[in-house]
Amino acid sequence: MLALVATFVFAAAATFAVAVVFVTMSGRLSQIATLLADHRSLQRDREFLVTVTTIERPALRTGSEQQIRRTARRALKRADSARCAHSLRAAA
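Being a predicted model, the structure only gives us computed values, none of them experimental.

Looking only at helices and strands, the protein chain has 3 helices and 0 strands in total. Ordering the α and β elements of the protein chain from the N terminus gives α-α-α. Per-residue burial for the protein chain yields a buried fraction of 0% across its 92 residues. When the accessible surface of the protein chain is split by element, carbon and sulfur atoms take 68% of a total near 8,700 Å².

Dropping the structure here:
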């Protein structure tokens with residue numbers, strides 16, 4: 001008998017929960033529609049960006065630009081190593 005009562009209580013609670021979900025969704029229907037429209041818009045934007053980036057070719061770098069980057073890196077490495085050596089001498 002107790003098992004039957006517990007089953008009815010759980011069934012009533014589940015029915016109440018489903019009813020609350022439907023009432024809440026019907027009250028928030030305009031907000032849900034707005035969220036779905038935003039999602040679709042973002043999806044279309046992503047697809048457009050993928051299309052644009054796959055059609056365009058990447059800009060080619062000239063040899064001089066690559067050389068400038070290498071030179072700048074080497075200069076930074078030299079300055080960093082000189083700074084470390086100076087700090088080690090000061091600590092000694």
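Further remarks concern the confidence of the model for the protein chain. Averaged over every residue, the pLDDT of the protein chain is 78; the share at 70 or more is 60%. Of all the helices and strands in the protein chain, helix 3 (residues 63–91) carries the lowest mean pLDDT, 59, while helix 1 (residues 2–27) carries the highest, 94.

About the criteria used
- Residues numbered from 1 in each chain as written.
- Predicted model: local features only at pLDDT ≥ 70, side-chain atom pairs only at ≥ 80, totals over all residues.
- Heavy atoms only, no water.
- Helix = DSSP H or I, 4+ residues; strand = E, 2+ residues; numbered from the N terminus.
- Buried < 20%, exposed > 50% of the residue type's maximum accessible area, 1.4 Å probe, protein only.
- Areas by Shrake-Rupley, 256 points an atom, 1.4 Å probe, with all protein chains shown as cover.
- pLDDT = per-residue confidence, 0-100.

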